[in-house]
Amino acid sequence: CTKKNNTAPWASGDVCQAAQCQDGACKPIGGPKNCDDGSLCTADGCDPQTGACQNKPVDSACNDGNTCTVGDICVNGVCGGKPKSCDDKNPCTDDACVSGQCVQKAAGAGKACDDGNVCTAGDACQGGVCLPGAATKCDDGNPCTDDACNPKTGCASVANTTPCNDGNACTKSDACSGGKCAGG
């Protein structure tokens, strides 16, 4: 700067800072060059050699602005997260995240489900609830056993001592014993 009050631009040697001659001296004007790209996932700066903006990706926590994601993190310069889990473990509801809130609505009627009872088959959803299907038949065809279904373990047969007919006309007072019909 050779002229007093010269306001012509001045090459200050820092290509990332604008400067002017004022009162015979080079003085910065304004702030440094703005290289902000608006991304939380980049480190922004100006290359002091070329004056070019540099926006280098950083891996760090961030907020992607989506209330239906969790664990947001920067990866390769992009902020994102995993979908928020809204699974209520009910097969008879369709689960979704809406504006950060979990919403469950009844699944379509007739959708297959499991009511947790092994003594039913063909369970189906109705109004968001799993309704039992047809009862399992446990009759083993043996009159010397009592047959039943346990909701946890399934069909079971227990020997009884009821009267029976062993098919032999020469025996009387036939009765069940050990699950078989025995002549008297």
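Refer to the structure printed above.
The following paragraphs examine the structure supplied in this document. Along each chain, the written sequence defines residue order, and numbers are assigned to residues from 1. Reporting of local features is limited, given that this is a predicted model, to residues whose pLDDT is at least 70; pairs of side-chain atoms are given and counted only at 80 or more, and all residues count toward the totals for whole chains, interfaces and linings. The basis for every side-chain value is the complete set of heavy atoms in the structure, and neither hydrogens nor water enter the calculation.

Turning our attention to the environment of Val78. Elements are defined by DSSP. Helices are runs of H or I of four residues or more, strands are runs of E of two residues or more, and each kind is numbered from the N terminus. Position of Val78 among the secondary structure elements: in strand β6 (residues 78–83). With a relative accessible area of 55%, Val78 lands in the exposed category. For the pair formed by Val78 and Cys41, sequence separation is 37 residues and the distance between their alpha carbons is 5.9 Å. When checking whether two residues touch, look at their non-hydrogen atoms; a contact exists if any pair is within 4.5 Å. Excluding its chain neighbours within four sequence positions, the residues that come into contact with Val78 are Cys41 and Ile73. Burial classes follow relative accessibility: with a 1.4 Å probe on protein chains only, a residue under 20% of its type's maximum area counts as buried, one over 50% as exposed, and anything between as partly exposed.

On to unusual backbone geometry, then. Glycine aside, residues mostly have negative phi angles, and peptide bonds mostly take the trans form. Although it is not a glycine, Lys89 sits at a positive phi angle of roughly 65°. Residue Lys89 is classed as exposed on the basis of its relative accessible area, which comes to 68%.

Right, let's talk about the state of the cysteines for a bit. The disulfide definition used here is simple: a pair of cysteine sulfur atoms within 2.5 Å. Within the structure shown, the criterion is met by twelve disulfides. The partner cysteine of Cys35 in its disulfide is Cys53, sulfur to sulfur 2.2 Å. Since a negative S-S torsion denotes a left-handed disulfide, the Cys35-Cys53 link at about -75° is left-handed. A residue pair is termed long-range when its members are at least 10 positions apart, and Cys35 in the loop between β2 (25–32) and β3 (42–46) and Cys53 in strand β4 (residues 53–57) qualify at 18 residues.

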